[in-house]
Amino acid sequence: MGGAGSTSSGGASALAGGAAGDSEASNPGIAGGLSGVGGSTAGDDGSADGAAPVADAAPDGSPPVSGTLRLLFVDSEGGQSTVLQLPNAQVLVIDTGNPGMRDGERMLAVLQGELGATEIDYLLTTHYDSDHVGGVPYLAARLGIGQFLDHGATNAPASYLALANAGTRRSLAVGDALELGGVSLDVVSAAGAVIDAPRSGGGLPNPFCEGAQAELPGDAVDENVNSVGVVIRFGRFDFLDLGDLLWPREHELACPNNLVGSIDLYLTTHHGLTRSGAPQLVRAIQPLAAIMNNGPRKGGGGSTWNTLALAPGGENVWQVHRAVAAPAAQNAPPDQIANLDEGQADAANFLEVQVESSGEFRIINPRTSFSKSYTSR
Ligand SMILES: [Zn+2]
């Protein structure tokens, strides 16, 4: 399926610069691309698909999928929060940004303003650093939370445990597979461990392991290592979010065999900081597109950019923020950056991804209405 607007720039061609251009010509090298894609506005395609839902069987024989999956990446200034509207309209929130009103109100603006949500069905906290768990009290005071998902009680703040234990709480372990609201969620890391058997479609020898660094000398092992890492599957579409998982665990997931398999959309691990984002993983999963949850001066640029520029190709990197200290050549094209400024001029825009049951997905920058479409493998 796929509406007229979602003719694809995706597939392998996205890696080779086949993605559609920008009608505003900030990317003159690839301007004038595929019809109906560049510069189109948010939501002009999803509704067409939604009007004629057809269940498409996944290639691996898993249950048919239908509907639309939306992922909204909230600007928490270098924290992390993703709001997902699942195909059955339930809401999954992965991480809640920093404590307090600023990030709390930004999440509510997405939850209530964009999705019309009245409650959060599932709240997954990847780990307990304050830029991921901080917003739980603010949200819990304003919206019901159906189920709390986490890596266990180790290092959990008392404020989190009190709320989660008063509700429904489930601790996840590697290898867990959940069905949530029309998507599947595979747990590939949790509580310091990673899967030791491949996901379906994974397990191939990884050529990028040759000469790869298994760890970063002198880097501390801290709470980040406990991050719950998940692959969210919707038909052919695979989204990888490893939280702030540290380099050595990424290495274990990638070497000697790539246990994760190929990924369509990758949320940069650890905000694009260099303690994570091991290239042997990022290159092996071959993401069609990456979203960097960086802040203006946290993550992005430098060696992280160099890794992403190889895979998936710098033209398919999207950023929540411009990395203000990095040169333009180490930032995504401006139309693929949600927020260009810092301080008072920062409008706290989000990025949105809409995924159809066919596997077509579209990344949208509401700031400019620029979007690109991709075809999941
Ligand atoms: Zn973090």
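Calculation criteria
- Residues numbered from 1 in each chain as written.
- Predicted model: local features only at pLDDT ≥ 70, side-chain atom pairs only at ≥ 80, totals over all residues.
- Heavy atoms only, no water.
- 1 Å grid on protein atoms, 1.4 Å probe; cavity = no way out; pocket = protein on both sides within 12 Å on 5 of 7 lines; lining within 4 Å.
- Points joined across faces, edges and corners; volume = space filled by probe spheres on them.
- Helix = DSSP H or I, 4+ residues; strand = E, 2+ residues; numbered from the N terminus.
- Nonpolar A, V, L, I, M, F, W, Y, C, P; charged D, E, K, R; others polar.
- Phe/Tyr/Trp six-rings, centres within 6.5 Å; stacked < 30°, edge-to-face > 60°.
- Buried < 20%, exposed > 50% of the residue type's maximum accessible area, 1.4 Å probe, protein only.
- Lys NZ or Arg CZ within 6 Å of the ring centre and 35° of its normal.
- pLDDT = per-residue confidence, 0-100.
- Contact = heavy atoms within 4.5 Å.
- Expected span 1.5 Å × (residues − 1).
- Pairing = 2+ DSSP bridges.
- Axes fitted to C-alpha atoms, helices over the stretch in contact; angles between N-to-C directions.
- Core = buried A, V, L, I, M, F, W, Y, C linked by side-chain atoms within 4.5 Å.
- Donors = N, O, S within 2.8 Å, 3.2 Å for Na, K, Ca; no water.
- Tetrahedral: all angles 85-135°; square planar, octahedral: opposite > 155°, others 65-115°.
- Salt bridge = Lys/Arg side-chain N within 4 Å of Asp/Glu carboxyl O.

(A) Representation of empty space enclosed by the protein within the structure. Counting across every chain of the model gives two cavities of 30 Å³ or more. Put simply, the largest cavity is a space of about 50 Å³. In this structure, the largest cavity is lined by Tyr-266, Thr-268, Thr-269, Gly-272, Leu-273, Ser-276, Gly-277, Val-282, Thr-304, Thr-307 and Leu-308. Looking at the lining of the largest cavity, the element that brings in the most residues is helix α8 (residues 302-313), giving three residues. Among the residues making up the lining of the largest cavity, the classes are represented as four nonpolar, seven polar and no charged.

(B) Local environment of the packing of aromatic side chains. Summed over the entire model, instances satisfying the criterion amount to six aromatic pairs. Residues Phe-148 and Tyr-160 carry aromatic rings whose centres are separated by 6.0 Å and whose planes lie at 80° to one another, so their mutual orientation is edge-to-face. Note that Phe-148 is positioned in strand β5 (residues 144-150) and Tyr-160 in helix α5 (residues 158-166), a separation of 12 residues in sequence. What makes Phe-148 buried here is its relative accessible area of 3%. Ring geometry for Trp-318 versus Phe-370: centroids 6.0 Å apart, planes at 25°, classification stacked. Taken together, the residues Trp-318 in strand β16 (residues 317-321) and Phe-370 in strand β20 (residues 370-375) connect sequence positions 52 residues apart. Of the aromatic side chains, those joined through ring pairs into one cluster are Tyr-128, Phe-148 and Tyr-160. Looking at Arg-142, its charged tip hangs above the ring of Tyr-138, at a distance of 3.5 Å from the centre.

(C) Spotlight on the confidence of the model for the protein chain. Of all residues in the protein chain, 83% have pLDDT values of 70 or greater, and the mean over the chain is 86. For the stretch residues 1-54, pLDDT sits under 50, and the model shows 99 contacts to residues farther than four places along the chain or on other chains.

(D) Quick peek at helix α2 (residues 101-114). Across its 14 residues, α2 extends 18 Å between first and last C-alpha, which sits within 8% of the 20 Å expected from 1.5 Å per residue. Contacts from the buried residues of α2 go to β1 (68-73), β2 (82-85), β3 (91-94), β4 (119-124) and α4 (136-140). Gly-116 lies just past α2 and shows a positive phi near 65°.

(E) Molecular detail of the sheet that holds β20. Taken in spatial order, the nine strands make up an open sheet running β6-β5-β4-β3-β2-β1-β18-β19-β20, and their pairing is mixed. Two strands bound the open sheet, and with one partner strand each, they are β6 (169-171) and β20. Averaged over neighbouring strand pairs, the angle between their axes works out to 20° when direction is ignored. Sitting on the sheet, α2 is in contact with β1, β2, β3 and β4, with an inclination near 150° to β1. The sheet strands contacting α5 are β5 and β6, and the helix crosses β5 at an angle near 115°.

(F) The arrangement of the nonpolar core in detail. Within the largest apolar cluster, 39 residues are counted, with the highest numbers of intra-cluster contacts made by Phe-73 and Leu-265. For this core, the element with the highest residue contribution is strand β8 (residues 183-190), accounting for four residues. Setting aside residues up to four positions removed in sequence, Phe-73 forms contacts with Ser-81, Thr-82, Phe-239, Leu-265, Leu-267, Ile-291, Val-320, Phe-350, Leu-351 and Val-353. One finds Val-74, Ile-120, Leu-143 and Phe-350 within the second-largest nonpolar core, a separate group that totals 26 residues.

(G) Inspection of the layout of surface pockets at higher detail. Put simply, the largest pocket is a space of about 450 Å³. Classifying every residue of the lining of the largest pocket by side-chain character gives seven nonpolar, nine polar and seven charged.

(H) The coordination of the zinc ion, seen in detail. Looking at the zinc ion, the protein donor atoms are Asp-131 (OD), His-132 (NE2), Asp-244 (OD) and His-271 (NE2), and they sit 2.1 to 2.3 Å from it. With four donor atoms in place around the zinc ion and angles of 84 to 157° between them, the coordination shape is irregular. Mapping the donors of the zinc ion onto the primary sequence yields the spacing D-H-x111-D-x26-H. Of this pair, Asp-244 sits in the loop between β12 (237-241) and α6 (247-254) while His-271 sits in the loop between β14 (265-267) and α7 (279-285), placing them 27 residues apart in sequence. The buried category is assigned to Asp-244, whose relative accessible area is 2%. Take His-271: its relative accessible area is 0%, and that puts it in the buried class.

(I) The arrangement of the pattern of salt bridges in detail. As enumerated under the stated definition, the model contains 15 salt bridges in all. Of the charged contacts, one joins Asp-186 and Arg-199 as a salt bridge, the two residues approaching to 3.3 Å between their closest N and O atoms. Here Asp-186, found in strand β8, pairs with Arg-199, found in the loop between β9 (193-194) and β10 (204-205); they are 13 residues apart in sequence, far enough to count as distant. For the pair formed by Asp-186 and Arg-199, the shared burial category is buried. Ionic pairing is found between Arg-297 and Glu-342, a salt bridge with its closest N-O pair at 2.7 Å. Here Arg-297, found in the loop between β15 (289-292) and α8, pairs with Glu-342, found in the loop between β17 (337-339) and β18 (351-356); they are 45 residues apart in sequence, far enough to count as distant. When salt bridges that share partners are traced, they join Asp-186, Arg-199, Arg-233 and Asp-238 into one network.

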